[in-house]
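Fold and geometry: a report
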Amino acid sequence: MTEKARLEPHQLSEEDKAEWLTSVKRWEVENPIDKVAKNPQAFGIGATFISALLLLHQLKDAPLYQPFLYAILFGGAMYYVANFRFVKWARRRDIYSNSLINQMIDRAESEIAVPSSDKEV
């Protein structure tokens, strides 16, 4: 069995591009992801900064490096959780997109195939 070459959306015809785009957008509306998971880097940096400020205020007697160390660990954990959610969502979106593209390839190949006639020459 031969494996199909991967077809990118920009290689589709204009009608197929429009159909692919509306289908993927419809899938994204049906399977939403929050803003935190769309930008995990900013969320991790923001969580680090805010937790550092809060810990500096709470840990007045602790050495200066300790609140920053805890804040970096907390920000890293928040980044990891948000990034994991985005990667999982993006993988599902890519699987759906690839299945749409493969359906369009199959449909285009079936339209190109010329039915054989019953007459023999």
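Please refer to the structure placed before this passage.
Reference entry: report on the structure contained in this document. (Residues numbered from 1 in each chain as written. Predicted model: local features only at pLDDT ≥ 70, side-chain atom pairs only at ≥ 80, totals over all residues. Heavy atoms only, no water.)

**Some points on the pattern of salt bridges**
Condition: For salt bridges, the criterion is a side-chain nitrogen of Lys or Arg within 4 Å of an Asp or Glu carboxyl oxygen. For the purposes of this entry, the term helix denotes a DSSP run of H or I that reaches at least four residues, the term strand denotes a run of E that reaches at least two, and both are numbered from the N terminus.
Here the structure, examined in full by the defined rule, presents six salt bridges. Salt-bridge contacts for glutamate 28 lead to lysine 25; the nearest nitrogen and oxygen are separated by 3.7 Å. Here glutamate 28 and its partner lysine 25 are both found in helix H1 (residues 14-30), three residues apart, which amounts to about one turn of the helix. Put simply, aspartate 34 and arginine 85 hold a salt bridge, and the shortest N to O gap is 2.7 Å. Of this pair, aspartate 34 sits in the loop between H1 and helix H2 (35-38) while arginine 85 sits in helix H4 (residues 65-112), and the two are 51 residues apart along the sequence.

**Brief notes about the nonpolar core**
Soluble globular proteins: nonpolar side chains tend toward being buried together. Our working definition: As used here, the term nonpolar core means buried Ala, Val, Leu, Ile, Met, Phe, Trp, Tyr and Cys residues forming a set that is joined through side-chain atoms within 4.5 Å. Summary of the burial criterion: residues with accessible area below 20% of their type's maximum are buried, those above 50% are exposed, and those between are partly exposed, where the area comes from a 1.4 Å probe applied to protein chains only. The contact criterion used is simple: two residues touch if any of their non-hydrogen atoms lie within 4.5 Å.
In this structure, Leu12, Trp20, Val24, Leu100, Ile101, Met104 and Ile105 together form the largest nonpolar core, which totals seven residues. Counting residues per element, the ones that place at least two in this core are H1 and H4. Among residues more than four places away in sequence, those in contact with valine 24 are Tyr96, Ser97 and Leu100.

**Quick notes on the packing of H1 against H4**
This is how it is decided: The axes are straight lines fitted to the C-alpha atoms, using for helices just the contacting stretch, and the angles between their N-to-C directions are given from 0 to 180°. For this classification, under 35 degrees means roughly parallel, over 145 means roughly antiparallel, 65 to 115 means roughly perpendicular, and everything else is oblique. Should the near helix be turned counterclockwise from the far one by less than a right angle, the crossing is left-handed, whereas a clockwise turn marks it as right-handed. Amino acids are sorted into nonpolar (Ala, Val, Leu, Ile, Met, Phe, Trp, Tyr, Cys and Pro), charged (Asp, Glu, Lys and Arg) and polar (every other residue, Gly among them).
Running from N to C, H1 and H4 cross one another at 150°; their axes reach a closest spacing of 10 Å. Considering their axes alone, H1 and H4 lie roughly antiparallel with respect to each other. Taken as a pair, H1 and H4 cross one another with a handedness that is right-handed. Residues Asp16, Glu19, Trp20, Ser23, Val24, Trp27 and Glu28 of H1 form the contact with H4, whose participating residues are Trp89, Arg92, Arg93, Tyr96, Ser97, Leu100, Ile101, Met104 and Arg107. Taken together, the residues that form the contact of H1 with H4 break down as eight nonpolar, two polar and six charged.

**With respect to the packing of aromatic side chains**
Given two aromatic rings, one states the distance between the centres and the angle between the planes to describe the pair. Selection criterion: In summary, the pairing rule links any two rings of Phe, Tyr or Trp, Trp by its six-membered ring, whose centres are within 6.5 Å, and it sorts them by plane angle into stacked for under 30 degrees, edge-to-face for over 60 and tilted for everything else.
Scanning the model with the defined rule gives three aromatic pairs in all. Plain terms: the ring middles of tryptophan 27 and tryptophan 89 are 6.0 Å apart, the flat faces sit at 40° to each other, and that makes the pair tilted. Highlighted residues: tryptophan 27 in helix H1 and tryptophan 89 in helix H4, separated in sequence by 62 residues. Overall, the relative accessible area of 10% leaves tryptophan 27 in the buried class. Considering the side-chain rings of phenylalanine 86 and tryptophan 89, the 6.1 Å spacing of their centres and the 40° angle between planes classify their relative orientation as tilted. Note that phenylalanine 86 and tryptophan 89 are positioned in helix H4 at a spacing of three residues, about one turn of the helix.

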